[in-house]
Amino acid sequence: MSDEAKFLIDSLVEQLSISLMDEYGLSITESLNEVYNSQLYEKLIDLETGLYYQSAKYNYQLLKHEMTYGKII
C-alpha cells in the first residue's frame, strides 16, 4: 500500500470516527471500534474498490447503512 493510500484511509477513519461521536454520542474508543470492525473498513483497505478515494460523507453514509442493516448496500 502506498503512503498516499495509507494517508487517505487514515484520514477517512478519523473523519468517520468523529462523525460517529457527533451523531451517536460514542466515545473515541467506541467510534474507532465501530469503524475498524466494519465491512466498510475491509473495503477501504482493499484498494481495488476505490472507496478510499471517495469522500468521507459518502463513506459515512455507507457506514451508517451497515450499522442499521448489518451490511453495506
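A quick note: this is a predicted structure, and the numbers were derived from the prediction, not measured.

**Topic: the packing of aromatic side chains**
The geometry of an aromatic ring pair is captured by two quantities: the separation of the ring centres and the angle between the planes.
Move 1: If you walk through the whole model with that rule in mind, you get 2 aromatic pairs.
Move 2: Consider the rings of Y36 and Y41, whose centres lie 4.9 Å apart with planes at 80°: the pair is edge-to-face.
Move 3: Overall, the relative accessible area of 41% leaves Y36 in the partly exposed class.

**A closer look at the pattern of salt bridges**
Move 1: A full pass over the atoms with the stated rule returns 2 salt bridges.
Move 2: The residue D10 makes a salt bridge to K6 at a minimum N-O spacing of 3.2 Å. Of this pair, D10 and K6 both sit in helix α1 (residues 3–24), separated by 4 residues, roughly a single helical turn.
Move 3: A residue is classified by how much of its surface remains accessible, and D10, at 37% relative accessible area, is partly exposed.
Move 4: The salt bridge involving K64 is made with E23; its shortest N-O contact spans 3.3 Å. Here K64, found in helix α4 (residues 56–69), pairs with E23, found in helix α1; they are 41 residues apart in sequence, far enough to count as distant.
Move 5: For K64, a relative accessible area of 21% translates into the label partly exposed.

Criteria and cut-off values
- Along each chain, residues carry numbers from 1 onward, in the same order as the chain's sequence is written.
- Reporting of local features is limited, given that this is a predicted model, to residues whose pLDDT is at least 70; pairs of side-chain atoms are given and counted only at 80 or more, and all residues count toward the totals for whole chains, interfaces and linings.
- The basis for every side-chain value is the complete set of heavy atoms in the structure, and neither hydrogens nor water enter the calculation.
- Stacked, tilted and edge-to-face are the three classes assigned to paired rings of Phe, Tyr and Trp, where Trp is represented by its six-membered ring and a pair needs centres within 6.5 Å; plane angles under 30 degrees give stacked, over 60 edge-to-face, the rest tilted.
- Residue burial is assigned from relative accessible area. The probe radius is 1.4 Å, only protein chains are included, and a residue is buried under 20% of its type maximum, exposed over 50%, and partly exposed in between.
- Here, a salt bridge means any side-chain nitrogen of Lys or Arg that lies within 4 Å of a carboxyl oxygen of Asp or Glu.
- Each helix is a run of H or I in the DSSP string that is no shorter than four residues. Each strand is a run of E no shorter than two, and both are numbered from the N terminus.

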